[in-house]
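# Secondary and tertiary structure notes
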Amino acid sequence: MTFESTAAQIDEDFENTVFHTKTNGRPILEISNLSLWYSATQALFNIDMSIESGMVTALIGPSGCGKSTLLRSINRMNDLVDGLKITGRIKLHGDDIYHYASDVIALRKRMGMVFQKPNPFPMSIFENVIYPLKVDGVRNKTLLQETCEKALKSAALWNEVKDRLNENALGLSGGQQQRLCIARAIAADPEVLLMDEPCSALDPIATAKIEDLINELSGRYTIVMVTHNMQQAARVSDNTAFMYLGRLIEYGDTEAIFQAPLSTRTQDYVTGRFG
């Protein structure tokens, strides 16, 4: 069977996801039987996975496999899409985020989001970083200044911009802008940091700095990242999930996924036979 197999053939061939995850016994996100449709088109099929606290989890797979859709389901960004239908559950520390009484705004405060392309606001570096706090009504200048410095240091950007905090953030380089966006995302001290291909618009030097930053932040934050770069996933993640045609094919310890995958499809993808 080729990798152009139909969705029906995938269902017939893979009834169960292969799991062999690195675990610390402290799941922060539990995804159960998650399926998602955009109108009549099904994009996710019965996703089951547990994401461990303080670890970096990479989502990999060919374009259109559902990895960004899954990421955006975790903070309910897909709610903005017309014709959306979701079944199953995602729990954050045991709270069902799709429960009818769930506060979506409060949920998104618990999750920082970093997008594919740097998106600093057209305001000063300082105002960018403290924006989440100001939205929450924080006005204490000392607290705002301390938070800004702490976030920029955590994002490995403080030494580069500490004398330029009042300058427009749009004057920063692309790599600096992405680290600024990471600083903004962690300023409110989220429980989970979501990254959707955070290095795809950056040059190799800037990419290396972002990868170093992810390694620095791991342990302090639970990071879930989509990446099209398999070498990047191998370098920075603890666990890796391989997705194909909206299915979770294999989920496990990153070293095992790349060196001893249990699924033939995973092996063929990570060795470059398709994708």
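In this report, the structure presented in the accompanying data block is examined. (Residues numbered from 1 in each chain as written. Predicted model: local features only at pLDDT ≥ 70, side-chain atom pairs only at ≥ 80, totals over all residues. Heavy atoms only, no water.)

Further remarks concern the pattern of salt bridges. Throughout the structure, instances matching the rule amount to 12 salt bridges. Here Glu149 and Lys153 are joined by a salt bridge, their closest N and O atoms 2.7 Å apart. With Glu149 and Lys153 both in helix 5 (residues 141-154) and 4 residues apart, this pair spans about one turn of that helix. By relative accessible area, which is 29% here, Glu149 ends up partly exposed. For Lys153, a relative accessible area of 47% puts it in the partly exposed group. Several salt bridges converge on common partners, so that one network encompasses Asp95, Arg110 and Glu191. (Salt bridge = Lys/Arg side-chain N within 4 Å of Asp/Glu carboxyl O. Helix = DSSP H or I, 4+ residues; strand = E, 2+ residues; numbered from the N terminus. Buried < 20%, exposed > 50% of the residue type's maximum accessible area, 1.4 Å probe, protein only.)

This part takes up unusual backbone geometry. One non-glycine residue with positive phi stands out, namely Ala156, at about 55°. Tracing the backbone through its elements, the reader meets Ala156 in the loop between helix 5 and helix 6 (158-161). For Ala156, a relative accessible area of 46% corresponds to the partly exposed category.

In this section: the sheet that holds strand 10 (residues 239-244). The strands making up a sheet associate through hydrogen bonds between their backbones, and the pairing can be parallel or antiparallel. Strand order across the open sheet formed by 7 strands is 1-11-10-4-9-8-7, with mixed pairing between neighbours. Of all the strands in the sheet, just strand 1 (18-20) and strand 7 (111-114) have a single pairing partner and so form its edges. On average, adjacent strands in this sheet sit at an angle of 15° to one another, irrespective of strand direction. Each of strand 4 (56-60), strand 7, strand 8 (192-196), strand 9 (222-226) and strand 10 touches helix 2 (residues 67-74); the most contacted strand, strand 8, lies at about 150° to it. (Pairing = 2+ DSSP bridges. Axes fitted to C-alpha atoms, helices over the stretch in contact; angles between N-to-C directions. Contact = heavy atoms within 4.5 Å.)

Fair warning: the whole summary comes from geometry, so function is off the table for now.
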